[in-house]
Amino acid sequence: QAKAQGRNNYQVYRPTMSVKTPELLALEQQLRHALDNDEFVVMYQPQVDVCTGALVGMEALVRWQHPVRGQISPGVFVPIAEESGLIVAMGEWVLRQSCQQNQRWQSMGLLPLRVGVNLSPKQFRQPRLVENIAKILAETGLEPQYLELEVTESTVIEDIEFTQLLMRDLNRLGIRLSIDDFGTGHSSLSRLQFLPLDTIKIDQAFVRDLSRHAKTSHIIAAIVALGRSLGLHLIAEGVETQEQLEFLRSIDCDSAQGFLFHRPLSAEQFTLLLREEGRRLQRNPSPSP
Ligand code: C2E
Ligand code: MG
Ligand code: MG
Ligand code: MG
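Residues numbered from 1 in each chain as written. Chains lettered and ligands numbered in written order. Predicted model: local features only at pLDDT ≥ 70, side-chain atom pairs only at ≥ 80, totals over all residues. Heavy atoms only, no water.

You'll find the protein entered in an unreviewed UniProt entry as Diguanylate cyclase, with Prochlorothrix hollandica PCC 9006 = CALU 1027 given as the organism.

Structure representation (structure tokens):
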């Protein structure tokens, strides 16, 4: 059809036109059955203390185990789920699964850690969010301080008044709140100062650019300093090299997450890691750098 309009009259397909290829339509269709067919799995990526290397937390990351295509990353299917509204049911499943698994580890006597769970914009704006989370905590028995919700900067600043009211309610439940991918949303920390936040996750794009652009290090240092002065916990994402880690140490960032330490692990692999960490702590209660 675009061609019919002549050579100099290209119709450029932009994402906003939401043209669905047959492949995309098929994926959306299959996504509808993925929950019922038990095709989602949650992986857990460890977070460590920048100075000591001690395990301090984890992030729950969903994967789609597609019967034909194998593992599909959330970067591909989360946007489809978001657009079709399937995200609400899927997200609730991830939340429940993460809380249940975290409670299971604690009842095994393993080191208690908090789990970060990602919330998409639509999940964040879902009317029964607070109720649902309260219900999941009650049903799984997880103490609220061991759950942290991750919301991206752009989701939060879209409607700051709404965010403030919702976050107050979430805060009242006793759970923790973090801003994910911080630094990409073109907001400033000053706009976030009235939100009941606990953690800022520095976007991995900044960490990646550390070695490429000298100025990036100043930006990260500024985020860490300002976050620190607001009493927030700072986590750097996507740490892949020793050099990046050393820089983060030098500016007093709290924690890090990335392939340098661990890739996202299955619940079974994470159990082994928790056992190992427990033994390490027994040998050396305050690990040195
Ligand atoms: P995110 O929340 O910023 O998660 C971090 C992503 O960075 C994860 O990708 C993780 O595997 C990846 N990563 C961790 N360390 C490194 C590293 O050292 N280098 C590089 N290059 N990447 C690293 P993943 O698992 O593919 O998830 C992508 C995004 O999908 C997440 O970004 C999050 O926004 C979304 N997502 C994941 N799980 C869920 C979920 O359960 N619900 C919702 N709504 N979104 C989810
Ligand atoms: Mg996240
Ligand atoms: Mg992130
Ligand atoms: Mg991201």
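Caption draft 1: Expanded view of the site of ligand 1. Of all residues adjacent to ligand 1, which total 22 residues, the nearest are Arg63, Asn118, Asp180, Glu240 and Phe259. Interatomic distance of 3.3 Å between a side-chain N/O atom of Glu237 and an oxygen atom of ligand 1. Here Phe259 contributes a backbone N or O atom positioned 2.8 Å from an oxygen atom of ligand 1. Compared with its free state, where it exposes 800 Å², ligand 1 has 81% of that area covered by protein. Counting residues per element, the ones that place at least two in the shell around ligand 1 are strand 2 (55-66), helix 2 (74-84) and strand 6 (176-182). Residue composition of the shell around ligand 1, grouped by class: eight nonpolar, seven polar and seven charged. (Near = heavy atom within 4 Å. Polar contact = N/O pair within 3.5 Å; in protein donor to acceptor, adjacent residues only side chain to side chain. Areas by Shrake-Rupley, 256 points an atom, 1.4 Å probe, with all protein chains shown as cover. Helix = DSSP H or I, 4+ residues; strand = E, 2+ residues; numbered from the N terminus. Nonpolar A, V, L, I, M, F, W, Y, C, P; charged D, E, K, R; others polar.)

Caption draft 2: Fine view of the coordination of the magnesium ion (ligand 2). In this structure, Glu59 (OE), Asn118 (OD1), Glu150 (OE) and Asp180 (OD) serve as the protein donors to the magnesium ion (ligand 2), at separations of 2.0 to 2.2 Å. We note that the donor set of the magnesium ion (ligand 2) lies within a single chain, spaced as E-x58-N-x31-E-x29-D. Between the magnesium ion (ligand 2) and the magnesium ion (ligand 3), a spacing of 4.1 Å is present, and a bridge between the two is formed by Asp180. Here Glu59, found in strand 2, pairs with Glu150, found in strand 5 (residues 147-152); they are 91 residues apart in sequence, far enough to count as distant. Taken individually, Glu59 and Glu150 each receive the classification buried, so the pair is uniform in this respect. (Donors = N, O, S within 2.8 Å, 3.2 Å for Na, K, Ca; no water. Buried < 20%, exposed > 50% of the residue type's maximum accessible area, 1.4 Å probe, protein only.)

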